[in-house]
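Listed here are the chains, written in short residue letters.
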Amino acid sequence: MSQIEDKLQAMGIILPDAPAPLGNFLPFLIDGSHLHISGQISVGLDGKPITGQIGADYSVEHGYEAARFCAINLLARARAALGDLDRIERLIKLGGFINSEAGFSQHPKVLNGASDLFAEILGPDKAGHVRFAVGSSSLPANASVEIEAIFRITD
């Protein structure tokens, strides 16, 4: 088991199997030393999407937890792509889409759910990243959050 998976296990997090894509696209792409992972929606431990609009149906805290599950699913996808999570050298970028009502403005607080989890798992040297967080009136499967990622990897 990798050091990253050991850390996850110590935190009580067990990675699920990477889900099948919901459309006609690649779930990941390795381009040289970069792993690009397509958007992962918020899916809970029960395998069901975490749904609803943040601000209208649910709180920022609900969105934060949904983003945390997106990060877990990004790691599951990375493991499927790489075989060994210890090949991750650094998180480069996160892109977050928040299913939110008009006028909602706390998108960064929601996306912190993913950023904070990566900081816990990878440490500050590997987890410092750039990102964007934008609102959307809807997401696939009515998910509360969808996040994409770019990692720098080793051979």
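Predicted model, so just to flag it, every value in this text is computed and none were measured.

Engineer: Requested: an account of the packing of helix α2 (residues 60-82) against helix α3 (residues 107-122), with residues and values cited.
Structural biologist: Running from N to C, α2 and α3 cross one another at 45°; their axes reach a closest spacing of 7 Å. Taken together, α2 and α3 sit at an angle that is classed as oblique. As α2 packs across α3, the resulting crossing turns out to be right-handed. Touching V60, G63, Y64, A67, R68, A71, I72, L74 and L75 of α2 are K109, V110, L111, N112, G113, A114, D116, L117, F118, E120 and I121, all from α3. Tallied by class, the residues present in the contact of α2 with α3 amount to 13 nonpolar, three polar and four charged.

Engineer: Can you lay out the side chain of H107 for me, pointing to particular residues and giving the numbers?
Structural biologist: Within the secondary structure, H107 sits in helix α3. With a relative accessible area of 12%, H107 lands in the buried category. Only 3.4 Å separates the side chain of H107 from the backbone nitrogen of G135, close enough to count as a polar contact. The contact partners of H107, leaving out residues within four places of it in the chain, are I98, S100, A133, V134 and G135.

Engineer: A description of the environment of D125 should follow, citing residues and the corresponding values.
Structural biologist: Mapped onto the secondary structure, D125 falls in helix α4 (residues 124-127). For D125, a relative accessible area of 67% gives the class exposed. Taking the C-alpha atoms as reference points, D125 and I88, 37 residues apart in sequence, are found 12 Å from one another.

Cut-off values and rules
- Residues numbered from 1 in each chain as written.
- Predicted model: local features only at pLDDT ≥ 70, side-chain atom pairs only at ≥ 80, totals over all residues.
- Heavy atoms only, no water.
- Axes fitted to C-alpha atoms, helices over the stretch in contact; angles between N-to-C directions.
- Helix = DSSP H or I, 4+ residues; strand = E, 2+ residues; numbered from the N terminus.
- Parallel < 35°, antiparallel > 145°, perpendicular 65-115°, else oblique.
- Left-handed = near helix turned anticlockwise from the far one by under 90°.
- Contact = heavy atoms within 4.5 Å.
- Nonpolar A, V, L, I, M, F, W, Y, C, P; charged D, E, K, R; others polar.
- Buried < 20%, exposed > 50% of the residue type's maximum accessible area, 1.4 Å probe, protein only.
- Polar contact = N/O pair within 3.5 Å; in protein donor to acceptor, adjacent residues only side chain to side chain.

No statement about biological role is implied by the geometric values presented.
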